[in-house]
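If you want the building blocks of each chain, they are given just below.
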Amino acid sequence: MPASVERYVDVILPLDTPPLTFLLPEPWVDRVEVGSRVLVPLGARKFYTGIVWRVHDRKPAVKRLRAIAEVTDATPVVTPEQLRLWMWMADYYLCSPGVVMRAALPAALKPDGFSRDEALQGDYRATQIAYVRLHPRIASEADLQAALDSLGRARARQRAVMDYLCAARPEGVSEDAPGAFDPKGLGAVPRRQISVSGPVLKALVEREILELFWQEPPQESLTTEFAPLPQLSAAQSQALEALQKGLAEKSVALLQGVTGSGKTEIYIHLIAEALQRGGNVLYLLPEIALTTQLIERMRAYFGSAVVVYHSRLSDRRRAEVYRRLLDAPGGELIMGVRSSVLLPVPALSLVVIDEEHENSFKQSDNAPRYHARDTAILLASLYGARTVLGSATPSLESYLNARSGKYAHVILTERYSGVSLPQVVVCDTLRAARRGEKRSHFTTALLDRIDEALKQGDQVILFQNRRGFSPYVECGNCGWTAGCPQCNVTLTYHKAEGVLRCHYCGFQMAVPAVCPSCSTPDLRPMGFGTEKIEEELQAIFPEAVVDRLDADVARTARSYARILSDFEQGRTDILVGTQMITKGFDFGRVSLVGILNADNLLNYPDFRAGERAFQLMMQVGGRAGRRQRQGTVVIQTAQSTHPIIEQVRRGDYEAMAASQLAERRTFLYPPYCRMIALTLRHRDKALLWRAAAVFGAECRTVFGARVLGPEAPPVDRVRGQFLVRFLLKIEKQRSFARAKTLLKEQIAQLRAQAEFRYVEVIPDVDPQ
Ligand code: ADP
Ligand code: ZN
Ligand code: ZN
């Protein structure tokens, strides 16, 4: 007997390693394919879930080859397109495919444990049922006839096959129609629909006539009857047509429409069209908690076709959604945050990315450090699907792509309601202070307008991009400030809770009664955050109901929803908040929006500061006067002549884009070059800086002046680890892929030196 060929599988594991090879034991040899889910042993006593990437018979040259422990899903749980996406992401974002897998699979689909059984306990498996189909070797009617003939007089077997054939025939085709039993048209049939005993079925499988396999039964069919779509205004219809036309030629379109222009209604039309054609749609949003309104709107049109995916779902629910999508034939609208781009979306036909300029689409704190917008565009291209990017203030990257003709570009300049964009009033805080027209953090001009709005029964939104009560406390006697013991930042004072908290690592402590340095009981809150604003406003307007929305109060979905519905239903008069209040809100009674301190947006030390400040101010301002009346935006700033302030005042995106792009071109910043930020990390500061010096010198021999750094970031110690930063700028004309290969070599070389073995090097491609 010839020795059978041993089979191996390369498995992607949820770790920062390349795929590893395992032996595929006999019973599974024909059951496992690319995308199957398996459990494998690793190290002394740990078991991990992995995804089969390759099946082959090349014995690897390792001493101790281990075998997979279990096949948890023979039917692939990762589509070929997903695998291609994973590989692209690993390559592009300089990480391992395993790290992408870790982000892509819901926890319940990647259990691990210290034993096989422990791991399997945590596994989420949907109920699979047995199906029967023809063996693939039977490809024509002649093959089928031959197979039937080969059964001779085995009546039970013949009956079973006939039973299958009748059930598998395409719907509406009669038995004697020509070609009714062409194997190409015969589908799979649930085993329990055909009368066949176990042994008979086994015999037919062994004779390679039928095949038996397990999978989840399909979902109940979805309603394709949608509620009537919104009537579009003339401007919206024109934009829709332009988009359709643009997307016939180009795979990506940018819809640049002022806030309140009704971009959502245009998406709704595009989505309906894609769903009706039988495709799936992926709708990416910057932050799901902030979009309950939007999801409800979508449900009103698309009912059960709407699938929502975000981190607040339970593990089980996420696994269910994931599995449901795996065999979604089409007709599903998936709404979710950036990680939804990693879901299986077979038959993807349209991607919508709303507020495409939002930097929450970039994952920055953990690998894979991917940008969901860019990743989604790539995903769409794998399916030949179209992508629509929408924003009132597009990222300069997308804007330039649209201007250069790479993307279709559609512009909407009027609001749906016809109401004009809010009037912008700039209040010079320095002048106000000189003239005594300032009360604490408010100019009297702003206070007067708040007063007026309240008298009219209108609502007010005040924006302050710092949460907490004050960014730090300082001793009035010796100047001591409270810092985090783990990170190089001051602790933020949270008055209501009476604590000082680190916004980098979450460390917190009670406010000391006396200064730890000089023992004077004179610790003072300095600067101001949302909590302080809330308190002061309440004192100035004792009659008004003031509420606050920021990461501190919105920690639970419920309090978030409460704050929101209170405001929506008019129970709150003034809402103070951070960025959280800027996104996708649509309230009818807000007549005034105040931006308390534009300076800390303008002065942010980043080449995107100007762009960001403009986007934020336009977006916050866009909350004013959305339904019947023109609203007002008051901007408090010490730099009233700053070009960005002027551009916001005129609502002039094009001017902002032109001046910012000119600067970026001059100083070579994206979108005119590509960047990779590198962070080196270690507990030992001296060792870290030695490593940085070596790394910097080596990198310069390869990249020359394209390397900037080493530099200590503004916060150079987080969770007890020191940080050093480098920046690599690669001109657009140069090969980015080649640069990354060279960079990987540099990183490997550094880590190869014994002394620097444990220095972490964290690349962030296209940092935000
Ligand atoms: P954008 O996303 O462009 O800021 P929205 O889509 O939120 O704008 O629309 C702003 C407001 O105008 C919403 O209250 C929306 O319901 C309303 N609106 C826009 N277009 C239509 C339409 N065609 N029919 C009815 N209401 C519309
Ligand atoms: Zn002191
Ligand atoms: Zn800290």
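None of these values were measured; they are calculated from a predicted model.

Enquirer: Break down the pattern of salt bridges for me, with residues and values.
Expert: As enumerated under the stated definition, the model contains 36 salt bridges in all. Taking the shortest distance from any N to any O, the salt bridge between Glu211 and Arg133 comes out at 2.9 Å. Residue Glu211 is found in strand β8 (residues 210-215), and its partner Arg133 is found in strand β6 (residues 129-134); the two are separated by 78 residues along the sequence. Take Arg133: its relative accessible area is 34%, and that puts it in the partly exposed class. A salt bridge links Glu534 to Arg548, with the shortest nitrogen-to-oxygen separation between them at 2.7 Å. One end of the pair, Glu534, is in helix α15 (residues 530-540); the other, Arg548, is in strand β25 (residues 546-549), with 14 residues separating them in the sequence. Via salt bridges that share partners, Asp547, Arg562, Asp566 and Arg571 belong to a single interconnected network.

Enquirer: Outline the nonpolar core, listing residues and values.
Expert: A general tendency of soluble globular proteins is for nonpolar side chains to be buried together. By size, the foremost hydrophobic cluster in this structure holds 80 residues, and its most contacted members are Trp86, Val341, Leu680, Phe695, Phe703 and Leu743. Listed in part, the 37 residues of the second largest apolar core include Leu396, Ala613, Val633 and Ile644.

Enquirer: Hey, could you go over the coordination of the zinc ion (ligand 2) for me, with residue numbers and the actual values?
Expert: Those protein atoms acting as donors to the zinc ion (ligand 2) are Cys475 (SG), Cys478 (SG), Cys515 (SG) and Cys518 (SG), and they sit at 2.2 to 2.3 Å. The site at the zinc ion (ligand 2) holds 4 donor atoms, and with the angles between them running 107 to 113°, its shape is tetrahedral. Summarised as a motif, the one-chain spacing of the donors to the zinc ion (ligand 2) is C-x2-C-x36-C-x2-C. Given the relative accessible area of 2%, Cys475 is considered buried. Judged by its relative accessible area of 39%, Cys478 is partly exposed.

Enquirer: Now, about the side chain of Arg369: what can you tell me, with residues and values included?
Expert: With respect to the helices, strands and loops of the structure, Arg369 is situated in the loop between β13 (348-354) and α11 (372-383). No salt bridge is formed by the buried Arg369; its nearest oppositely charged neighbour, Asp764, is found at 4.8 Å. Polar contacts involving the side chain of Arg369 include one to the main-chain carbonyl oxygen of Asp365, which spans 3.4 Å. Here Arg369 is in contact with Tyr93, Lys362, Gln363, Ser364, Ile762, Pro763, Asp764 and Val765, once residues within four sequence places are set aside.

Enquirer: For the domain arrangement of the protein chain, give the residues involved together with the corresponding values.
Expert: When the parts of a complex come together, some accessible area is lost, and that lost area is often taken as the interface size. Under the domain assignment used here, the protein chain contains domain 1 (7-121), domain 2 (129-215), domain 3 (234-412), domain 4 (423-469 + 528-651 + 659-664), domain 5 (470-524) and domain 6 (673-765). Measuring from the centre of the C-alpha atoms in domain 1 to the corresponding centre in domain 2 gives 34 Å.

Enquirer: Can you break down helix α10 (residues 315-326) residue by residue, with the values?
Expert: Here α10 spans 17 Å end to end across 12 residues, near enough to the 16 Å set by a 1.5 Å rise per residue. Taken together, the buried positions of α10 are Arg318, Ala319, Val321, Tyr322, Arg323, Arg324, Leu325 and Leu326.

Enquirer: Got a sec to walk through the coordination of the zinc ion (ligand 3)? Specific residues and values, please.
Expert: Every protein donor of the zinc ion (ligand 3) is listed here as Cys484 (SG), Cys487 (SG), Cys502 (SG) and Cys505 (SG), and their distances to the metal cover 2.3 to 2.4 Å. Relative to the metal, the 4 donor atoms surrounding the zinc ion (ligand 3) lie at angles of 107 to 113°, and the coordination shape comes out tetrahedral. Donor residues for the zinc ion (ligand 3) sit on one chain with the sequence pattern C-x2-C-x14-C-x2-C. The class of Cys502 is buried, set by a relative accessible area of 2%.

Enquirer: Tell me about the packing of aromatic side chains, residues and numbers included.
Expert: Per the counting criterion, the structure on display carries 11 aromatic pairs. Arranged with centres 5.1 Å apart and planes meeting at 75°, the rings of Tyr399 and Tyr653 form a pair that is edge-to-face. Of this pair, Tyr399 sits in helix α12 (residues 396-403) while Tyr653 sits in helix α20 (residues 653-667), and the two are 254 residues apart along the sequence. Since its relative accessible area comes to 4%, Tyr399 is described here as buried. Judged by relative accessible area, which is 4%, Tyr653 ranks as buried. Considering the side-chain rings of Phe695 and Phe726, the 5.3 Å spacing of their centres and the 70° angle between planes classify their relative orientation as edge-to-face. A residue pair is termed long-range when its members are at least 10 positions apart, and Phe695 in helix α21 (residues 685-703) and Phe726 in strand β32 (residues 721-731) qualify at 31 residues. The residues Phe695 and Phe726 share a single accessibility class, namely buried.

Cut-offs applied
Residues numbered from 1 in each chain as written. Chains lettered and ligands numbered in written order. Predicted model: local features only at pLDDT ≥ 70, side-chain atom pairs only at ≥ 80, totals over all residues. Heavy atoms only, no water. Salt bridge = Lys/Arg side-chain N within 4 Å of Asp/Glu carboxyl O. Helix = DSSP H or I, 4+ residues; strand = E, 2+ residues; numbered from the N terminus. Buried < 20%, exposed > 50% of the residue type's maximum accessible area, 1.4 Å probe, protein only. Core = buried A, V, L, I, M, F, W, Y, C linked by side-chain atoms within 4.5 Å. Donors = N, O, S within 2.8 Å, 3.2 Å for Na, K, Ca; no water. Tetrahedral: all angles 85-135°; square planar, octahedral: opposite > 155°, others 65-115°. Lys, Arg positive; Asp, Glu negative; His and termini not counted. Polar contact = N/O pair within 3.5 Å; in protein donor to acceptor, adjacent residues only side chain to side chain. Contact = heavy atoms within 4.5 Å. Domains from an automatic or database assignment. Expected span 1.5 Å × (residues − 1). Phe/Tyr/Trp six-rings, centres within 6.5 Å; stacked < 30°, edge-to-face > 60°.

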